[in-house]
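# A structural walkthrough
The lines below spell out each chain.
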Amino acid sequence: MGRRKNRPRNRENADRKPGWGAGYQEIIKENKLYEEYYQGQKIVPEGEWDQFMATMREPLPATIRITGYKSHAEEILHCLKNKYFQELQDLEVDGHKIEAPLPLSWYPSELAWQINISRKMLRKSPVLEKFHQFLISETESGNISRQEAVSMIPPLLLDIKPHHKILDMCAAPGSKTAQLIEMLHSDMSVAFPEGFVIANDADNKRCYLLVHQSKRLHSPCIMVVNHDASNIPRLQMVDADGQRDILFYDRILCDVPCSGDATLRKNIDVWRKWTTSNSLQLHSLQQRIAIRGVEQLTVGGRMVYSTCSLNPVENEAVIAAILEKSEGTLELIDVSSELPGLKRMPGLTTWKVMTREGHWYAEWSDVPENKHTQIRPTMFPIKDPQKLKIMNLERCIRILPHHQNTGGFFVAVLEKRAPMPWNKREPKLRLKAAAVNPLVESADEKSAAVDETDGEESLANKDGIFCPPPPKKMKLFGFKEDPFVFLNEDDPIFLPIQKFYQLDPSFPKLNVLTRTHEGKKRHLYMVSKELRNVLLHNSERMKVINTGIKVLSRNNDGEEFGCAFRLAQEGIYTINPYINGRIIKISIEDVMILLTQENPFIGKLTSDPQKQAKKLNMGSIVLKYEPDPLNVEGPKCPIVLCGWRGKNSIRAFVARNERFHYLRMLGVEVFKDENKGAGSDHVVVTSEKNEEPMEEGILNVPGEAENLADAEVLQESDKCDEILDTTKEPEQQQDDVQHAQIAISNSNQVSESNLRSRIEKTDNPTVASPDAKQT
């Protein structure tokens, strides 16, 4: 402990930076240079400056977006509007009327809402606390995302269709990526849309946050990669004729790193740290990323450039530089008719540049030579009126916070009319794909790819136009990922699976992959045909962090039942269209029983499911609910659950928060019982419908592995091999494994003593299981 004596004994007397350790309360929301700069740029209409700055000093309201695919999102919206939002109407807490949540007028189908309720207020009302628990639970299960309102704009302006190939260049943390995935799956009946999303981020650690966000949507059409966006590699695909071609994207989201000076309402530290030097330093990087993006855009494709900055040096200056270098091959398109209800300001055509010291420069010729390394010519507006008119910079969109109580934002939508001027040389890459091993490229193919890129570069340098740097050997950094190994159609692993689940002959075996070359395959994943194409022919060019959705997991004791693999809940909607056997069709009453009771006897189900279950041998099953058009109150979307048919019982393999989600869809209210004290796992489930009270049960659902009856399978299954599981601490995972008691009441309350006498809290998943001994 020798160094401790060198520390100042009295910390109050120690020198420290302003605000250090003091929290945001002590940060003064003033920055004279910031005000001088933006008043000089005239980004705010005359007479609105005071309102603009007053809004900037107010906290940013929370906004939520209902995620998931269309039919499920509509069910969540119905639950929110008819249950929780109605309870908030005319609610008063401590004499203050609670402001009811409002839908964002410009977001389609009322799937985004603004909530202006403070955390302090949430603790003072049981109604608000219940609403807060609902939001937390649905967020954890991926059905609701907390996302800043203006951040939702760029994906909407991309106009995505299910067949589009999409690149998200700077994707982390992943809220916009989730929107892109949802748009691909607009038709839920199509398990594999033709399109896909490649989500990239330069930060290796942030890529795992991106995986966590995207995994919640259970899509086989997402791939997360780790590259510098300004030099993201050019990928290849093989067409139906076996010809290898360069991959050009139909849609590109280019949400570049920025100074973030439009986020003062949520990032309060920016008030103290903001200077113009941040924008000056980022301008060149933003330009390189945007140019790399339009290079990889297909002709007729659309790219959205966006920042959370108000600074024209990061916004209009970058767009103007790209348009000038494109020589008419790019067009800034007019999207004023899109997103009706969104208040926006047009882009600037004139602006000035300021140094960190506060010196203004209106033209490049005014900049002294010693400032040429900090300030570049592309930071200034175009002086040629004819060029300026053709660029249509007023078609850019700037969102000001005081117009709709949001954060600030900038968006520009570009469309590619022709190949970029430095792409004059026709690509040589029209070679037959390797027939022996698609993972290994021939020397000719590699040289062709290099030659094609070098050809672009030589032309670009000759004309004095920006071009990508020469290709470099990819450096491996961060965690070493397990390989992605696709299975052959004749792999012996498929025969028992196909026989057990009666898979349709159209089942795409070639799209199945595993993460190991040797030993037993623990999990099987599926990707779309197009992503398989990308992955097979670009293993040398890109670092893939994650792709594929888990559809099957090994069950060591499953072989005695006919199949060594059980179904996985996260991939059930992907594989379900191909399963013709092991299906039990269930009613709403059966769904309630399966989700609220730990291991119910088969006899507790309604008559039809009982008959179906008795015809099946033990093992993994599909539990399927189809919406009844005559039932007005029931859910309007299908519910598909993984289950286990035991000797005498049936059990659902559904994670805790996902169970809560489905129960809410059925009109059942799930909330923590505050009377049980802090840290209690007691959960109360009540139904508001006029139904007979169900029996008490155990809600023991930390994950799919917990739902198996035999302890050996529990040890084998789902042991944090997914990046998603690394976000929990070991102690938190252990807490989740503990059983949560449920009291289900309609008008009659179950006494606590009676409940405890029937169900004891335990860490052993086989206790109280009718099939524990038999299976």
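None of the values given here were measured: they were computed from a predicted structure.

Moving on to the sheet that holds strand 4 (residues 102-103). If you trace the 4 strands from one edge of the open sheet to the other, you get 4-5-1-6, paired in antiparallel fashion. Of all strands in the sheet, those with a lone pairing partner are strand 4 and strand 6 (144-146), marking the two edges. Sheet topology places strand 1 (residues 62-66) next to strand 6; 3 bridges connect them, and they run antiparallel. For isoleucine 66, the partnering residue across the bridge sits in strand 6 and is isoleucine 144. Sitting on the sheet, helix 5 (residues 126-140) touches strand 1, strand 5 (112-115) and strand 6, and the angle it makes with strand 6 is about 100°.

Before going further, it helps to spend a moment on the sheet that holds strand 30 (residues 650-652). The mixed open sheet is built from 4 strands, whose spatial order is 27-28-29-30. Edge positions in the open sheet fall to strand 27 (583-585) and strand 30, since each of these has one partner strand only. On average, adjacent strands in this sheet sit at an angle of 35° to one another, irrespective of strand direction. Relative to strand 30, strand 29 (residues 639-645) is paired through 3 bridges, and the arrangement is antiparallel. Note on strand 30: the bridge partner recorded for arginine 645 is isoleucine 650. Sitting on the sheet, helix 18 (residues 588-596) is in contact with strand 28 (619-625), strand 29 and strand 30, with an inclination near 135° to strand 28. Where helix 19 (residues 607-614) meets the sheet, it contacts strand 27, strand 29 and strand 30, and its direction lies at approximately 165° from that of strand 27.

Mapped onto the secondary structure, arginine 645 falls in strand 29. For arginine 645, a relative accessible area of 8% corresponds to the buried category. Only 2.9 Å separates the side chain of arginine 645 from the backbone oxygen of alanine 613, close enough to count as a polar contact. Excluding residues that lie within four positions of it along the chain, arginine 645 makes contacts with Arg582, Ile602, Ala613, Lys614, Leu616, Asn617, Met618, Gly619, Ile621 and Ile650.

To continue, consider the packing of aromatic side chains. The tally for this structure, following the rule as stated, stands at 18 aromatic pairs. Judged by centre distance (6.2 Å) and plane angle (45°), the ring pair of tyrosine 38 and tryptophan 274 falls under tilted. Highlighted residues: tyrosine 38 in helix 1 (residues 32-41) and tryptophan 274 in the loop between helix 9 (270-273) and helix 10 (277-295), separated in sequence by 236 residues. On the basis of relative accessible area, tryptophan 274 is assigned to the buried category, the value being 4%. Between the aromatic rings of phenylalanine 85 and phenylalanine 131, the centroid separation amounts to 6.0 Å while the plane-to-plane angle is 65°, which identifies the pairing as edge-to-face. Taken together, the positions of phenylalanine 85 in helix 3 (residues 70-88) and phenylalanine 131 in helix 5 put the pair 46 residues apart, joining distant regions of the chain. Judged by its relative accessible area of 5%, phenylalanine 85 falls in the buried class. For phenylalanine 131, a relative accessible area of 1% puts it in the buried group. One aromatic cluster is present, built from ring pairs that chain together Tyr34, Tyr37, Tyr38, Trp271, Trp274 and Trp360. Taking the ring centre of phenylalanine 486 as reference, the NZ or CZ of arginine 532 above it sits at 5.3 Å.

In this structure, Trp106, Ile198 and Ile319 are the most contacted members of the largest nonpolar core, which totals 149 residues. It is helix 3 that contributes the most residues to this core, 8 residues altogether. Filtering out sequence-adjacent residues up to four positions away, tryptophan 106 remains in contact with Ala149, Met152, Ile153, Leu156, Leu339, Pro340, Gly341, Leu342 and Gln404. Formed by 31 residues, the second largest nonpolar core is a distinct cluster that contains Phe507, Phe561, Met618 and Val622.

We now examine the pairing of strand 9 (residues 222-225). Of the two faces of strand 9, the one lined by Ile222 and Val224 and the one lined by Met223 and Val225 are each fully buried. For strand 8 (residues 196-200) and strand 9, the ladder comprises 4 bridges, and the chain directions are parallel. By the bridge assignment for strand 9, alanine 199 is matched with valine 224. Crossover connection from strand 8 via helix 8 (residues 204-215) to parallel strand 9: handedness right-handed. Here strand 9 runs beside strand 24 (residues 544-547); their pairing, made up of 3 bridges, is antiparallel. Counted as the bridge partner of valine 225 is valine 544 from strand 24.

Okay, the packing of helix 5 against helix 20 (residues 656-665) next. Where helix 5 meets helix 20, the axes come as close as 8 Å, and the angle between the chain directions of the two elements is 120°. One element, helix 5, and the other, helix 20, form an angle in the oblique class. Here helix 5 and helix 20 pass one another in a crossing that is left-handed. The residues of helix 20 that touch helix 5, namely those facing Gln133, Phe134, Ser137, Glu138 and Glu140, are Asn657, Phe660, His661 and Arg664. Its residues assigned to classes, the contact of helix 5 with helix 20 comprises 2 nonpolar, 4 polar and 3 charged.

Rules behind the numbers
Residues numbered from 1 in each chain as written. Predicted model: local features only at pLDDT ≥ 70, side-chain atom pairs only at ≥ 80, totals over all residues. Heavy atoms only, no water. Pairing = 2+ DSSP bridges. Helix = DSSP H or I, 4+ residues; strand = E, 2+ residues; numbered from the N terminus. Contact = heavy atoms within 4.5 Å. Axes fitted to C-alpha atoms, helices over the stretch in contact; angles between N-to-C directions. Buried < 20%, exposed > 50% of the residue type's maximum accessible area, 1.4 Å probe, protein only. Polar contact = N/O pair within 3.5 Å; in protein donor to acceptor, adjacent residues only side chain to side chain. Phe/Tyr/Trp six-rings, centres within 6.5 Å; stacked < 30°, edge-to-face > 60°. Lys NZ or Arg CZ within 6 Å of the ring centre and 35° of its normal. Core = buried A, V, L, I, M, F, W, Y, C linked by side-chain atoms within 4.5 Å. Right-handed = clockwise from strand over helix to strand, strands pointing away. Parallel < 35°, antiparallel > 145°, perpendicular 65-115°, else oblique. Left-handed = near helix turned anticlockwise from the far one by under 90°. Nonpolar A, V, L, I, M, F, W, Y, C, P; charged D, E, K, R; others polar.

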